[in-house]
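Residue-level structure breakdown
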Amino acid sequence: MLIPSVGEKPVKSLGKIYDCTLKDTAALQATSEELGTWLTAVDKSGLPGKFKAWIYQHGILPRLLWPLLVYDVPLTTVECFERKVSCFLRKWLGLPRSLSSIALYGRNNKLKLPFSSLTEEFMVTRAREVLLYRDSSDVKVSSAGIEVRTGRKWKAHEAVNQAEFRLQHSELVGTVASGRSGLGSNPRPHLIKAQGKERRQLIQEEVRAGVEEARCTRTVGMRQQGAWTRWEEAADRKISWTELWRSEPHRIKFLIQSVYDVLPSPSNLLRWGLAENPLCPLCQSAGSLEHILSCCPRALGDGRYRWRHDQVLRVIAEVISTGISTSKHQQPTRQSIAFVRAGEKPQQCRSQAGGLLATARDWQLKVDLGRQLKFPENIAVTTLRPDMVLVSETTKQVVLLELTVPWEDRMEEAFERKRAKFEELAGECRSRGWRARCNPIEVGCRGFVGQSLIRALRILGVKGQHNRRAIKNITDAAAKASRWLWIKRGDPWTTKAT
Ligand SMILES: [Zn+2]
């Protein structure tokens, strides 16, 4: 049998093809072409866009990582591949080309999408490779000095060193509080104690965190697409594959476009050179998305924002009514003395676990929808009309809930304004012997619930599955109504049409 030379027939060994040049250039070229073929084939498949995106994540990405691991690939090549992928992802999801790739792949974004960045996966994979060689228990491997080559722009071993340094540094500094969570609420495993796989895992996660940090720095500098970095009070939203499957494509599309302000608003159309005037079709002032969805005086006068507010209010009222009727079927929680045996930890107080709704059986909910709400005169005399009033006569408790559907950047402001407005009324109730609470709640107009709403639901005792469903329904109601306002932005407003 004749054995062909490597020049005549390239040799494949351990998944890697060697040709006569013994260089990886040809293999990389082939990988690039293959990626192009795959993407085009998926693109032409006639499947729905989200299905195409799914194929990238679960079919193309894992297949692509193998050649990127076995050949010497510079990072710049991988970035070039990623740009190709991002182009198709945007196309499949109906998003404009101006949308930054951070929107697609960011892990700490307010809106998290289920796609992985090729560059990030590449970096983590190569960092793992460095660790596998360097920390190998086989001395022959660890002392061989195998170099993981990834071009000049980014070097895997440097990234690993940096990640280790950062981990050691953070151990020296100790646990610091992040955000509003208390000290020690996010305990981190220690690098010093970690061994083998756990250690590698920690370092890889740190490499990932480094990538995310670089993304974050870039985002903060972006005025429009980075506005979400200033949404302090808005809770994060994560779009899972399940949610992506279930939602109608135009809703996800609107959500992403509105969060990053890349909808064709008059201001954006002017910026993109597609229109000559940037004016709001209703009031002739500057027509940014913010103006259309939350600041237009004409839209306000038409009652458009009121209509959206009531759509959201209706859903929240349903959530609370359901909460009341569920807690009616449960045993009312009584304060009882909990005995703790020596050496045992005290269990959480029961009435706290049940929430406010479980403390009485005669909760009445009044909502300012349809018929105007009249504040119960036996509690206090006022002309103020909170959106919702929850009353329990027997236990003399009253809860004022006031909803705002603001532009996400202004949630905190709305909260303070509403609190100032209603705190006095709550004080008057208290002076008449009622236990009164005043809870302003915000749901951002793009469907991001405020921490205030999450707190309020927790206080009331809407938990677990009920809580998740409630948040989802509230979120959907706000986003759906805003989308309708967006569609109708140039049309006359009749509530009958809705
Ligand atoms: Zn206007």
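Preceding this section is the structure that the text describes.
A few points on the structure. Please read these numbers as outputs of a predicted model, since none were measured by experiment.

**Looking at the packing of helix 1 (residues 25–43) against helix 2 (residues 49–70)**
Viewed as axis vectors pointing N to C, helix 1 and helix 2 meet at an angle of 170°, and their least axial separation amounts to 11 Å. In this view, helix 1 runs roughly antiparallel relative to helix 2, as classed from their interaxial angle. Of helix 2, the residues touching helix 1 (which contributes Ala-27, Thr-31, Leu-35, Trp-38, Val-42 and Asp-43) are Lys-52, Ile-55, Ile-60, Leu-64 and Pro-67. Class assignment of the residues belonging to the contact of helix 1 with helix 2 gives a composition of eight nonpolar, one polar and two charged.

**Concerning the pairing of strand 7 (residues 397–404)**
Strand 7 sits mainly inside the fold: seven of its eight residues count as buried. Bridge count between strand 6 (residues 388–392) and strand 7: five bridges; the pairing is antiparallel. The partner of Ser-392 across the bridge, within strand 7, is Gln-397. Counting the residues in the hairpin turn of strand 6 and strand 7 gives four residues, including Lys-396, whose phi is positive at 50°. Sheet topology places strand 7 next to strand 8 (residues 435–442); eight bridges connect them, and they run parallel. Along strand 8, the bridge assignment pairs Glu-402 with Pro-440.

**A look at the environment of Glu-82**
Position of Glu-82 relative to the elements: it lies in helix 3 (residues 75–93). The buried category is assigned to Glu-82, around which 21 C-beta atoms lie within 10 Å. In the structure, Glu-82 is positioned 36 residues away from Leu-118 in sequence and 5.7 Å away in space, judged by C-alpha atoms. Sequence-distant contacts of Glu-82, that is, excluding residues within four places in its chain, are made with Ser-117, Leu-118 and Thr-119.

**Points about the sheet that holds strand 8**
What the four strands build is an open sheet, ordered 5-6-7-8; its pairing is mixed. Looking at strand neighbours, the two that pair on one side only are strand 5 (363–367) and strand 8, the edges of this open sheet. In this sheet, neighbouring strand axes are inclined to one another by 15° on average, regardless of whether the strands run parallel or antiparallel. Sheet strands touched by helix 16 (residues 411–431): strand 7 and strand 8. Its angle to strand 8, the strand with the most contacts, is close to 165°. Sitting on the sheet, helix 17 (residues 451–460) touches strand 7 and strand 8, and the angle it makes with strand 8 is about 140°.

**Observations regarding the pairing of strand 8**
Counting buried positions along strand 8 gives six out of eight residues, so the element sits mostly inside the fold. In this view, the connection linking strand 7 to its parallel neighbour strand 8 by way of helix 16 has right-handed handedness.

**Topic: helix 18 (residues 464–487)**
With 24 residues, helix 18 should cover 34 Å at 1.5 Å per step; its first-to-last C-alpha distance of 35 Å lies within 8% of that length. Considered for burial, the residues of helix 18 that qualify are Ala-470, Ile-474, Thr-475, Ala-477, Ala-478, Ala-479, Ala-481, Ser-482, Arg-483 and Leu-485.

**Brief notes about helix 7 (residues 156–173)**
Its 18 residues place the ends of helix 7 26 Å apart at the C-alpha level, agreeing with the 26 Å of an ideal helix rising 1.5 Å per residue. Buried within helix 7 are the following residues: Ala-156, Ala-159, Val-160, Ala-163 and Leu-167. An end-on view of helix 7 places all buried positions within 100° of arc, on one side of the element. Facing away from the buried side of helix 7 by over 90 degrees, the exposed positions are Glu-158, Phe-165, His-169, Leu-172 and Val-173. Buried positions along helix 7 lie against helix 5 (118–134) and helix 8 (196–220).

Cut-off values and rules
Residues numbered from 1 in each chain as written. Predicted model: local features only at pLDDT ≥ 70, side-chain atom pairs only at ≥ 80, totals over all residues. Axes fitted to C-alpha atoms, helices over the stretch in contact; angles between N-to-C directions. Helix = DSSP H or I, 4+ residues; strand = E, 2+ residues; numbered from the N terminus. Parallel < 35°, antiparallel > 145°, perpendicular 65-115°, else oblique. Contact = placed C-beta atoms within 7 Å. Nonpolar A, V, L, I, M, F, W, Y, C, P; charged D, E, K, R; others polar. Buried ≥ 20, exposed ≤ 12 C-beta atoms within 10 Å, placed from the backbone. Pairing = 2+ DSSP bridges. Right-handed = clockwise from strand over helix to strand, strands pointing away. Expected span 1.5 Å × (residues − 1). Arc of directions from axis to C-beta.

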